Amino acid sequence: MNLDGVSRHLLICNGKTCTKNGAEEVTETIRGELKNLELQKEIHTTKTLCNGQCKHGPIAVLYPQGTWYKEMNKTKSEELIRRLKENDNVHIGSELYYHDGKTFRNHESNEL
């Protein structure tokens, strides 16, 4: 696999609970949108096992930004990829955690 040109990495949880809640559709949607928008050389995806946030799943984690997206579905997945085409730091109203340059913060409580 050649990662030359890849600037972002999207980790998509496909652990047991996330899969039960639609992670496979999320994965297919994200990968389909990346292909449609010709972003596969800029954004790499990896299906992961459990990321430890089962109650918020399906989860997608964007690096190097360090943003964790919760409760992903087909619509949110399409929006995420469309917005990533234009911007590195995407807010879709589904953020769980973000990285402030020093540590991870929770969007709702500002604590991890």
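From a predicted model like this one, the values you see are computed outputs, not experimental measurements.

Here the focus is helix H3 (residues 74-84). Residue pairs spaced three or four apart in an α-helix point in one direction, given the helix's 3.6 residues per turn. Here H3 has its buried residues at Ser77, Leu80, Ile81 and Leu84. The arc that holds the buried residues of H3, viewed along the axis, is 90°, so those residues lie on one side. As for H3, its buried residues are in contact with strand E1 (8-13), helix H2 (23-36), strand E2 (43-48), strand E3 (60-63) and strand E4 (67-69). For H3, the N-terminal capping position is held by asparagine 73, with its side-chain oxygen 3.1 Å away from the main-chain nitrogen of threonine 75.

Note on placement: cysteine 50 falls in the loop between E2 and E3. A sequence separation of 50 residues divides cysteine 50 from aspartate 100, and the C-alpha atoms of the two residues are 24 Å apart. Among residues more than four places away in sequence, those in contact with cysteine 50 are Cys13 and Gly15.

Most of E1 sits inside the fold, with 5 of its 6 residues counted as buried. In terms of strand pairing, E1 meets E2 through 6 bridges, oriented parallel. Along E2, the bridge assignment pairs leucine 10 with threonine 45. The sheet contact formed by E1 and E3 spans 4 bridges and is antiparallel. Opposite isoleucine 12, over in E3, you have alanine 60 as the bridge partner.

The next thing to look at is the environment of isoleucine 12. Within the fold, isoleucine 12 resides in strand E1. Judged by its relative accessible area of 0%, isoleucine 12 is buried. As a C-alpha pair, isoleucine 12 and tryptophan 68 span 56 residues in sequence and 9.9 Å in three-dimensional space. Excluding residues within four positions of it along the chain, isoleucine 12 makes contact with Val26, Thr27, Ile30, Thr45, Thr46, Lys47, Thr48, Ile59 and Ala60.

Definitions and cut-offs
The numbers attached to residues start from 1 for each chain and follow its sequence in the written order. For this predicted model, a pLDDT threshold of at least 70 governs which residues receive local features, and a threshold of 80 or more governs which side-chain atom pairs are given and counted, while totals over whole chains, interfaces and linings are taken from all residues. As a rule here, side-chain values cover all heavy atoms of the structure and leave hydrogens and water aside. Whether a residue is buried, partly exposed or exposed follows from its accessible area with a 1.4 Å probe, protein chains only, as a fraction of its type maximum: under 20%, in between, or over 50%, in that order. Here a helix means four or more residues in a row that DSSP labels H or I, a strand means two or more in a row labelled E, and each is numbered from the N terminus. Directions from the helix axis toward the C-beta atoms define the arc. Any two residues whose heavy atoms approach within 4.5 Å are treated as being in contact. Polar contact is the term for a pair of N or O atoms within 3.5 Å; when the atoms are in protein, one must be able to donate a hydrogen and the other to accept it, and sequence-neighboring residues count only if both atoms are side-chain atoms. One requirement defines pairing of two strands: DSSP has to find at least two bridges between them.

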